[in-house]
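# Structural overview
If you want the building blocks of each chain, they are given just below.
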Amino acid sequence: MGSAYLDHASTTPMRPEAIEAMTAQLGQVGNPSSLHAAGRRARRVVEESRETIAGALGARPSEVVFTAGGTEADNLAIKGLFWARKRPRILVSAIEHHAALDPAHWLGDNHGARVELLQVDEQGRVHPETLREAIDRDPDDVALVSVMWANNEVGTVQPARVLAAIAHEHGIPFHTDAVQAVGQLPVSFADSGVDAMTVSGHKVGGPVGVGALLLARGVDPVPVLHGGGQERDIRSGTLDAPAIAGFAAAVEAAVARQPAAAERLSALRDDLVERVRRAVPDVVLNGDPADRLPANAHFSFPGCEGDALLMLLDAKGVECSTGSACSAGVAQPSHVLMAMGQDGVRARGSLRFSLGHTSTEEDVDRVVEVIGQVVERARRAGLS
């Protein structure tokens, strides 16, 4: 039996449609900002891709601002809206990806922002009342709210539509990082009511290095990059037409197949969860047991170190992730699990298995075949 790749939440293989669309453009020349024929041809590729992405995600083409990926889009939304609004408070969930948390804290350290973390329950969910209470303390001082659509580690889905509506009661812009949600959940920018939404190419089967920030009309963050004035003068930089073409093809395919993919991956995930529980009876499933990403299974293994589990599984041909950050060579417990009320020991003994469009029953079989012996070995190593 071969290796099993179960780290699709980190990056997923490019879809054939995306490879075809991207490679068709790689041999072409033309800067999309140039006015000659080659430039106009490249511009047409960009604009047709913009229309494709907008159609798939329930947005207007003018609302799609291309970026170099999810991290840049989060930075543009959080820094740009803070600077545009000129108000001190940033409300951000305690379980955001570091691409959202770190820009907020950087603004706190360098630009006088007051960053307030919205706490979550034990399943990793921001309750609407938590946001309402935070805003009500001083609604006129809030620059923006940022809460992800679905958590990248434990998979819990947030009530983004409800949270956005609460922010709008006070005229506060609402940003959501939907990097993990697109392709796994039904995502409509217009129906969600959010003002800004982050999307990434390589999470949906497109190329690395391209993404988008969807911005509602009238929502104009201060640019982080200055230069040529591309993308509504919000994001300067020469547009990567081949990558954008691949991105659009991937988004279109992922969204079109989302209902069937969610059904298939949920069944695979549930099978994985049930069989891991049989193999390791004291394992703990993290996140909401039902309202979660269909491709996500996040476990804590008592008595184990996540890094040890990761390497032991890798040696057995199973590729997954710990979901923990590594700072200065020292493994740190996941901030997501800590915010959910777990202690550091349990948080450090956690693994994320994430499925994707290439996942098979054989991948699940491979995990189940080795997980019991790997956990036993990791526990023995921890006691020695």
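Heads up: the structure comes first, above all this text.
Note that the structure is predicted; figures quoted are calculated from it, not measured. (Residues numbered from 1 in each chain as written. Predicted model: local features only at pLDDT ≥ 70, side-chain atom pairs only at ≥ 80, totals over all residues. Heavy atoms only, no water.)

A positive phi is found at Lys86, a non-glycine position, where the angle reads about 55°. For Lys86, the position within the fold is in the loop between helix H3 (70–85) and strand E3 (89–93). Even without being glycine, Glu231 reaches a positive phi, approximately 55°. Mapped onto the fold, Glu231 is located in the loop between strand E8 (211–215) and helix H8 (241–256). The class of Glu231 is buried, set by a relative accessible area of 7%. (Helix = DSSP H or I, 4+ residues; strand = E, 2+ residues; numbered from the N terminus. Buried < 20%, exposed > 50% of the residue type's maximum accessible area, 1.4 Å probe, protein only.)

Of note, Ser354 is situated in strand E14 (residues 350–354). Within polar-contact distance, the side chain of Ser354 engages the backbone nitrogen of His8 at 3.0 Å. Within the local environment of Ser354, its side chain forms a polar contact with the backbone nitrogen of Ala9, the two atoms lying 2.9 Å apart. Those residues in contact with Ser354 that lie beyond four places of it in its chain are Leu6, Asp7, His8, Ala9 and Ala295. (Polar contact = N/O pair within 3.5 Å; in protein donor to acceptor, adjacent residues only side chain to side chain. Contact = heavy atoms within 4.5 Å.)

Under the definition given, this model contains four aromatic pairs. Geometrically, the ring pair formed by Phe66 and Phe247 is edge-to-face, given 6.4 Å between the ring centres and 70° between the ring planes. In this pair, Phe66 sits in strand E2 (residues 64–67) while Phe247 sits in helix H8, placing the two residues 181 residues apart along the sequence. Comparing Phe66 with Phe247, the two get one shared label, buried. Measuring from ring centre to ring centre gives 5.9 Å for Phe299 and Phe353, while their planes differ by 65°; the resulting arrangement is edge-to-face. Pair noted here: Phe299 is in strand E10 (residues 296–300) and Phe353 is in strand E14, with a separation of 54 residues, a long-range link. Since its relative accessible area comes to 0%, Phe299 is described here as buried. Classification of Phe353 as buried rests on a relative accessible area of 1%. Feature note: the residues Phe299, Phe301 and Phe353 constitute an aromatic cluster, connected by ring pairs. Lys79 extends its terminal NZ or CZ atom over the ring of Trp106, reaching a point 4.6 Å from the ring centre. (Phe/Tyr/Trp six-rings, centres within 6.5 Å; stacked < 30°, edge-to-face > 60°. Lys NZ or Arg CZ within 6 Å of the ring centre and 35° of its normal.)

Our next topic: the pattern of salt bridges. Evaluated as defined, the whole model comprises 23 salt bridges. Between Glu231 and Arg50 there is a salt bridge, and its shortest N-O distance comes to 2.8 Å. With a gap of 181 residues between them, Glu231 in the loop between E8 and H8 and Arg50 in helix H2 (residues 37–57) connect regions that are remote in the sequence. For Arg50, a relative accessible area of 6% gives the class buried. Across the salt bridge formed by Arg114 and Asp141, the nearest N and O atoms sit 3.7 Å from each other. Taken together, the residues span a long stretch of sequence, with Arg114 in strand E4 (residues 114–118) and Asp141 in the loop between helix H5 (128–136) and strand E5 (142–146) at a distance of 27 residues. With a relative accessible area of 39%, Arg114 lands in the partly exposed category. Within the structure, one salt-bridge network assembled from shared partners comprises Arg43, Glu47, Arg50 and Glu231. (Salt bridge = Lys/Arg side-chain N within 4 Å of Asp/Glu carboxyl O.)

On to the sheet that holds E14, then. Overall, antiparallel pairing links the three strands, which are arranged E9-E10-E14 in an open sheet. The sheet terminates laterally at strand E9 (284–285) and E14, the two strands that pair on one side only. Of the pairings in the sheet, the one linking E10 to E14 comprises five bridges and is antiparallel in character. Within E14, the position partnered with Ser300 by the bridge is Ser350. This element, helix H9 (residues 258–279), spans E9, E10 and E14 of the sheet and lies at about 20° to E10. (Pairing = 2+ DSSP bridges. Axes fitted to C-alpha atoms, helices over the stretch in contact; angles between N-to-C directions.)

Before going further, it helps to examine the nonpolar core. Among the nonpolar cores identified, the biggest contains 86 residues, and Phe66, Val145, Trp149, Met197 and Leu214 are the most heavily contacted of them. Ranked by residues supplied to this core, first place goes to H8 with nine residues. When neighbours within four sequence positions are excluded, Met197 is seen to be in contact with Leu57, Trp149, His175, Thr176, Ala178, Val187, Phe189, Ala212, Leu213 and Leu214. Counting 31 residues, the second-largest nonpolar core is a separate cluster that includes Leu285, Phe299, Phe353 and Val367. (Core = buried A, V, L, I, M, F, W, Y, C linked by side-chain atoms within 4.5 Å.)

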